[in-house]
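# Report on the structure
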Amino acid sequence: MAIRRKLKSDILFNIINLFLLSIIFIIAVYPIWFVLCASISDPVFVNTGKVLLLPKGVTFSGYVSVFKDPAILLGYRNTFFYTIIGTFINLCVTLPAAYALSRKDFVGNKLFTLIFLFTMFFSGGLIPTYLVISKLNMVNTIWVLLVVGATGMTNIILSRTFFVNSIPPEMQEAAQIDGCSNLRLFTNIILPLSKPIIAVMSLFFAVGHWNEYFTAMIYITIPKLKPLQLVLRDILVESQFNAKMIEQGVIDVGEISERLKLQELIRYSLIVVATLPVMCLYPFIQKYFVKGIMIGAVKA
Amino acid sequence: MDKQINPIYENPIYESKEFKKGRLHRGNFTKKCVLIKRNWQLYLFILPALAYFIIFCYIPMYGVQIAFKNYNGGAGITSSPWAEPIYKYFKMFFEGAWFTTTLKNTISLSLYSFAVGSILPVVLALMLNEADNIYFKKAIQNATYIPHFISTVVLVGMLNIMFSRTGLVNQLIALFGKEPILFLMKDKAFKHLYVWSGIWQGTGWGSIIYFAALSNVSVELYEAAIIDGASRFQKVIHINIPALMPTFIIMLILGAGSIMNVGYEKVLLMQTDLNLKASEVISTYVYKVGIIHSQFSLSSAVGLFNNVINLILLVTVNRIARSVSSNSLW
């Protein structure tokens, strides 16, 4: 009888748990789903609440407008460039450093770790950094987005943890006894074994570059170099002013309504288009990355 | 011929001063020199990162002194005159119109998002851990990870669209027959919008680290609990939660160190002229005063103030954690 009592409370626990998890699932997914539906639906239906679960009045004019806008295409091209080159630079700076720090026989290991770690807790601040970058003549160049944020101690620690835990020191010692130089050791042995951490780091850096906007906002003012997020900001966030003025009845709604409707549609399509590459990348990396996070996170 | 001296037990070197001081055997210094020479390439490996940190982190630290100077662009950092009195810009900030507002907003936004945002990932991880069906588990995990990858700009764009007068939320409200609420124009609504959109975005991702910790709990603990007759719920309370405590405390400490850094990127995007009273935080103030109004010294002073408070909080929370539990950052 005692066992049956426990089973009952366990079943109740299970049901409540699954129920709550399902609600969480819906909360997590629904906004994204809504945006997807709204991006291909007639704006009239969207605004009157007819589009809740499925798109209605399917139209692709939003996407057409998005792909015709030269500013958006320029932003796209710039962001692709920054992301690919920037991620490569990030990897080249972070991974070797993390490997060096993972070696017990690396003299000065503690010293370097402390030097790097200190930057996590204290920084010069926005203005001094800005002054340094402008003294280096990096403002309004591609370099400011490629180099600033090239590495961070969190990523170095994550990578170092991976190297320490997943690459047996005996193998490295054996290679060194055989006369392998550190450089060859790194390129020919360590790197092929590091696919999980490379995948994880690439994902982190790539997403970071893709979503970057604040650094760009401070340092880049010429439209030629603007990344996608900055272009998005102009359209999605700044233009709120128009909508607000309408709501307050300042502007006569009249014939502007058509343009406004298209504007709304463009916003949804823009959101989808801006986030789609990251979403597509995600399933490919997902395989490595949950495992990688778990290894890194637990030890770190 | 000398009488035979045993080189091990009677080596004259034992009489020398150096040996008596313990420095003669091949000690650490020699070993280290050998290692440095052998691993010289590792120093090349670390060079880019070192150069990066020096240029972009340590040199700006040197520039922090302009918080105490009347910074003159022509004269540069070193030759700019010291401010009269030296704490002039700090005084300007503390007595300025925005001090109480920014401080109040920073702390309240921070504590709010900190309180909710520290607990929910733990709860999510605990709940996920109890789910039996592996496909269900994976589906929920992936669903909750995705919002993390949405950029801040897109997130704020979504907020603006969904909470506008004709947006999704007001449509749902209309279904219940109520009047539409202008969320974006009320400064009271700002902090809730800010915090809960952050929760939506970050809970799934934040639960990863706890989920990983949970998967490390030894099975024997669970078996012992079953023998003792524990229900699912009791198992969670007595096994899972203590297992997560170390990680949780570390995350708390790290979070305490950035309390004053309320994610200025998102706040900046969410600010409008109408909600400025509730949305201006210290970091956005630093940005506006420094980059837009070019008051470099004032901005640096505020930024330094921010940084120092963070550091003090970090050390304090770490000390508390160290004395209360056995977990701490250092």
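Residues numbered from 1 in each chain as written. Chains lettered and ligands numbered in written order. Predicted model: local features only at pLDDT ≥ 70, side-chain atom pairs only at ≥ 80, totals over all residues.

## A few points about the overall build of chain B
A tally of regular secondary structure across chain B gives 16 helices and 0 strands. Seen through its C-alpha atoms, chain B measures out along the principal axes to roughly 115 × 75 × 40 Å. In chain B, which comprises 330 residues, the share counted as buried stands at 34%. (Helix = DSSP H or I, 4+ residues; strand = E, 2+ residues; numbered from the N terminus. Buried ≥ 20, exposed ≤ 12 C-beta atoms within 10 Å, placed from the backbone.)

## As for the interface of chain A and chain B
With 75 residues of chain A in contact, the opposing surface of chain B contributes 75 residues. The leading source of residues in the side of chain A that touches chain B is helix α1 (residues 2-39) of chain A, at 16 residues. In terms of residue class, the side of chain A that touches chain B is built from 51 nonpolar, 17 polar and 7 charged. (Contact = placed C-beta atoms within 7 Å. Nonpolar A, V, L, I, M, F, W, Y, C, P; charged D, E, K, R; others polar.)

## Some details on the packing of helix α8 (residues 153-166) of chain A against helix α11 (residues 195-211) of chain A
Residue and element names in this part refer to chain A. Their axes nearest at 10 Å, the elements α8 and α11 cross at an angle of 170 degrees. Compared by their axis directions, α8 and α11 come out roughly antiparallel. Between α8 and α11, the contacting residues are N155, S159 and F162 on the first element and I197, M201 and F204 on the second. When its residues are assigned to classes, the contact of α8 with α11 shows 4 nonpolar, 2 polar and no charged. (Axes fitted to C-alpha atoms, helices over the stretch in contact; angles between N-to-C directions. Parallel < 35°, antiparallel > 145°, perpendicular 65-115°, else oblique.)

## Digging into the environment of A:K104
Within the secondary structure layout, A:K104 lies in the loop between α4 (70-102) and α5 (109-121). Spatially, the C-alpha atoms of A:K104 and A:V164 are 9.3 Å apart, while their sequence positions differ by 60 residues.

## Looking at the confidence of the model for chain B
Across chain B, the average pLDDT comes to 83, with 95% of residues at or above 70. When mean pLDDT is compared element by element in chain B, helix α3 (residues 40-63) of chain B scores highest at 90, while helix α1 (residues 17-21) of chain B scores lowest at 69. (pLDDT = per-residue confidence, 0-100.)

## Considerations on the nonpolar core
If you look at the biggest cluster of nonpolar residues, it comprises 122 residues, and the most contacted ones within it are A:A97 and B:V302. The element contributing the most residues to this core is α4(A), with 10 residues. When we break this core down by domain, the ones giving at least three residues each are domain 1 (2-47) and domain 2 (61-299) of chain A. Judged by nonpolar contacts, the second largest core, of 16 residues, contains A:A28, B:V122, B:I208 and B:A212. (Core = buried A, V, L, I, M, F, W, Y, C linked by C-beta atoms within 7 Å. Domains from an automatic or database assignment.)

## Structural notes on the domain arrangement of chain A
By the assigned domains, chain A splits into domain 1 (2-47) and domain 2 (61-299). Class assignment of the residues belonging to the side of domain 1 of chain A that touches domain 2 of chain A gives a composition of 6 nonpolar, 1 polar and no charged.

## Details of α11(A)
Spacing of three or four residues puts side chains on the same side of an α-helix, whose turn is 3.6 residues. All names here are of chain A. Helix length check: α11 (17 residues) gives 24 Å between terminal C-alpha atoms against 24 Å at 1.5 Å per residue, within 8%. Counting buried positions along α11 gives 12 out of 17 residues, so the element sits mostly inside the fold. Regarding α11, the residues found buried are P196, I197, V200, M201, L203, F204, F205, A206, V207, H209, W210 and N211. (Expected span 1.5 Å × (residues − 1).)

## With respect to unusual backbone geometry
Even without being a glycine, A:N140 presents a positive backbone phi close to 60 degrees. What makes A:N140 partly exposed here is the crowd of 14 C-beta atoms within 10 Å. In this structure, B:S294 takes a positive phi of about 55 degrees despite not being glycine. The residue B:S294 is located in the loop between α15 (282-292) and α16 (296-324) in this model.

## What about the environment of A:M153?
Residues and elements named next belong to chain A. As for its position among the elements, M153 is in helix α8. Counting along the chain gives 35 residues from M153 to F118, while the straight-line C-alpha distance between them is 9.1 Å. Setting aside its immediate chain neighbours within four residues, M153 contacts F116, L117, T119 and M120.

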